[in-house]
Amino acid sequence: MLWVLPAVAPRPPMPPGEHVWVEAEGLRLTSERLEVAGGSWGLAELRGYGTRRESPGLVLPLGMGAGAALVVPMLLLQPDSFRVTAALVVATLLVFTAIARLVAAADTYWLVVRTAEGERPVWHCQDHQLFARVEQALGEVLEPPAPAPREPPVRRLALVR
């Protein structure tokens, strides 16, 4: 059997003096430009960058697991029947599914670039070490993300009598 694969366009050769800082699936950061998902920006065009971290929602798996963990002991107290056995199997599967979801949950890290047109998320990954390398390399040539503005502390005066 012969498989015909579509031709992948080779990346254009880098100009002399340009070197790759970080290369990963969907991202290539060189000393001159950032290439992400088909888009390319010269580092001189970028006004800065930001990062965003998204954590997976764990309320549903925890709720399912806790609910199933409460149902299983109640089902064990019921007399033997097909319905009880089926419900017990389903509840047990829900507990193991919730545990597997908690174990497999990983944060997603987003790279947001600032250009003349505004901010836009351009790349994401779940590998924290890779994302830290990209962020460190960008931080050496671009303006790092601005720290979140701090709210002044609220001072309350208490009347003393």
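Described in the following lines is the structure provided in the data block. Note that the coordinates shown come from a computational prediction; the quantities given were computed from them, not determined experimentally.

### Concerning the nonpolar core
Right, on to step 1. Among the nonpolar cores identified, the biggest contains 22 residues, and Leu27, Leu34, Leu111, Trp123, Val134 and Leu138 are the most heavily contacted of them.
Right, on to step 2. The set of elements that each furnish at least two residues to this core consists of β1 (20-24), β2 (27-30), β3 (33-36), β6 (108-115), β7 (118-125) and α3 (128-141).

### Section: the packing of aromatic side chains
Right, on to step 1. Enumeration over the complete set of coordinates arrives at 2 aromatic pairs.
Right, on to step 2. Their ring planes at 10° and their centres at 6.2 Å tell us that Trp123 and Phe131 sit as a pair that is stacked. Each member of the pair, Trp123 as well as Phe131, carries the same accessibility label: buried.
Right, on to step 3. By the ring-pair criterion, three or more aromatic residues cluster together here, those being Tyr109, Trp123 and Phe131.

### Points about the sheet that holds strand β5 (residues 48-54)
Right, on to step 1. The strand order across the open sheet formed by 3 strands is β5-β6-β7, and the pairing between neighbours is antiparallel. If you trace the sheet from one side to the other, it starts and ends with β5 and β7, each paired once. Each adjacent strand pair in this sheet contributes to an overall mean axis angle of 25°, direction not counted.
Right, on to step 2. Of the strand pairs in this sheet, β5 and β6 are connected by 7 bridges, and their pairing is antiparallel. Note on β6: the bridge partner recorded for Thr51 is Leu111.
Right, on to step 3. Those strands touched by α3 are β5, β6 and β7, and its axis lies near 20° from that of β6.

Procedures and definitions
- Residues numbered from 1 in each chain as written.
- Predicted model: local features only at pLDDT ≥ 70, side-chain atom pairs only at ≥ 80, totals over all residues.
- Heavy atoms only, no water.
- Core = buried A, V, L, I, M, F, W, Y, C linked by side-chain atoms within 4.5 Å.
- Buried < 20%, exposed > 50% of the residue type's maximum accessible area, 1.4 Å probe, protein only.
- Helix = DSSP H or I, 4+ residues; strand = E, 2+ residues; numbered from the N terminus.
- Phe/Tyr/Trp six-rings, centres within 6.5 Å; stacked < 30°, edge-to-face > 60°.
- Pairing = 2+ DSSP bridges.
- Axes fitted to C-alpha atoms, helices over the stretch in contact; angles between N-to-C directions.
- Contact = heavy atoms within 4.5 Å.

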